[in-house]
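Each chain, written out:
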Amino acid sequence: DQQVKQNSPSLSVQEGRISILNCDYTNSMFDYFLWYKKYPAEGPTFLISISSIKDKNEDGRFTVFLNKSAKHLSLHIVPSQPGDSAVYFCAHRDDKIIFGKGTRLHILP
Amino acid sequence: GAGVSQSPSNKVTEKGKDVELRCDPISGHTALYWYRQSLGQGLEFLIYFQGNSAPDKSGLPSDRFSAERTGGSVSTLTIQRTQQEDSAVYLCASSRRSMNTEAFFGQGTRLTVV
């Protein structure tokens, strides 16, 4: 039973537009979330986090939104750039990190 | 180097042999995690260390898998009598503490069992 769900295996976005990556979770007690980006043949790279005491966290082109009532979070990337093409993982963090299955983002020229 | 270091980067082994994978975490990081990613799959949790103890081994797939951590630093993941389904990328991560903070990953060890 997946605790963290990324229901879109892939997403294609035009360069310069906004990329929105979605993630749902099952446990309303979850209170800290992470987003990672992964290129082929490399380890995941931490992007941004959010705690349940907030509903938004922003870092440059990356913003994460948390909707606790819907048990949903999303990562917005704006403007999207070619180097953003990668697999993005949403994760819940307590004493271990539980990942979703990832969404492959393609930025189109 | 300042990051998480894993060795070897690639390992090809014959079915039935034992393998050891090594992880050097970031200095001062007390928590250490092992994950694996099989082809086309997500990141599967294997085991987590806080210091030298492993509070959660729930992800280890079978008793052929074991891990240890010594001196609160280096960790080794051992797979005995390897099987073809063990082929995957094994990833190690470390963090300053075990809660509410990001973890940093190494580049992984690609294990191929032939």
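These remarks concern the structure in this document.

Rules used in this analysis
Residues numbered from 1 in each chain as written. Chains lettered and ligands numbered in written order. Predicted model: local features only at pLDDT ≥ 70, side-chain atom pairs only at ≥ 80, totals over all residues. Heavy atoms only, no water. Helix = DSSP H or I, 4+ residues; strand = E, 2+ residues; numbered from the N terminus. Rg over C-alpha atoms; globule rule 2.2 N^0.38 Å. Buried < 20%, exposed > 50% of the residue type's maximum accessible area, 1.4 Å probe, protein only. Contact = heavy atoms within 4.5 Å. Areas by Shrake-Rupley, 256 points an atom, 1.4 Å probe, with all protein chains shown as cover. Lys, Arg positive; Asp, Glu negative; His and termini not counted. Charge placed at Lys NZ, Arg CZ, Asp CG, Glu CD. Patch = residues over 30% accessible without salt bridge, like charges linked within 9 Å, V, L, I, M, F, W, Y side chains within 5 Å. Salt bridge = Lys/Arg side-chain N within 4 Å of Asp/Glu carboxyl O. Pairing = 2+ DSSP bridges. Buried area = accessible area lost by both parts, 1.4 Å probe. Polar contact = N/O pair within 3.5 Å; in protein donor to acceptor, adjacent residues only side chain to side chain. Nonpolar A, V, L, I, M, F, W, Y, C, P; charged D, E, K, R; others polar.

A closer look at the overall build of chain A
Secondary structure assignment for chain A yields zero helices and 11 strands. A globule of 109 residues ought to have a C-alpha radius of gyration of about 13 Å, and chain A, at 13 Å, matches this closely. Referenced to the eigenvectors of the C-alpha coordinate spread, the extents of chain A come out at roughly 40 × 25 × 20 Å. Counting across all 109 residues of chain A, residues that qualify as buried make up 46%. Here the contacts in chain A between residues at least 6 apart in sequence split such that 51% fall between residues at least 24 apart. For chain A, the exposed surface amounts to about 5300 Å²; the carbon and sulfur share of it is 48%.

Notes on the overall build of chain B
On a plain count of helices and strands, chain B comes out with zero helices and 11 strands. Counted from the first residue to the last, chain B has its helices and strands arranged as β-β-β-β-β-β-β-β-β-β-β. The principal-axis extents of the C-alpha atoms in chain B amount to approximately 35 × 25 × 25 Å. Taken over 114 residues, chain B has a buried fraction of 49%. Long-range pairs, those at least 24 residues apart, make up 53% of the contacts in chain B with a sequence separation of at least 6. Of the roughly 5400 Å² of accessible surface on chain B, 45% is carried by carbon and sulfur atoms. Separation of charge centres in chain B, based on 12 positive and 11 negative side chains, amounts to 2 Å.

Some remarks on a nonpolar patch on the surface
All names here are of chain A. Among the surface-exposed residues, Ile18, Ile20 and Val78 lie close enough to one another that they form a single nonpolar patch of about 230 Å² accessible area. Its place among the elements puts Val78 in the loop between strand E8 (72–77) and strand E9 (86–93). Under the relative-accessibility criterion, Val78 is labelled partly exposed at 43%.

Quick notes on the pairing of strand E3 (residues 19–25) of chain A
Residues and elements named next belong to chain A. Across the two faces of E3 the burial differs, with Ser19, Leu21, Cys23 and Tyr25 buried and Ile20, Asn22 and Asp24 not buried at all. Note that E3 and E8 share six bridges and pair antiparallel. Of the residues in E8, the one forming a bridge with Asn22 is Ser74.

What to know about the interface of chain B and chain A
Contact with chain B, which involves 22 residues of that partner, is made by 18 residues of chain A. Among the residues chain B hides against chain A, the three largest losses belong to Leu43, Asn100 and Phe105 of chain B. Together they make up 29% of the total. The interface formed by chain B and chain A holds one salt bridge in total. Our count for the contact surface shared by chain B and chain A stands at nine residue pairs in polar contact (both at pLDDT 80 or more). For the side of chain B that touches chain A, the elements supplying multiple residues, two or more each, are strand E4 (31–37), strand E5 (44–50) and strand E9 (88–95) of chain B. Counting residues per element, the side of chain B that touches chain A draws most heavily on E4 of chain B, at three residues. The residue inventory of the side of chain B that touches chain A, partitioned by class, reads nine nonpolar, 10 polar and three charged.

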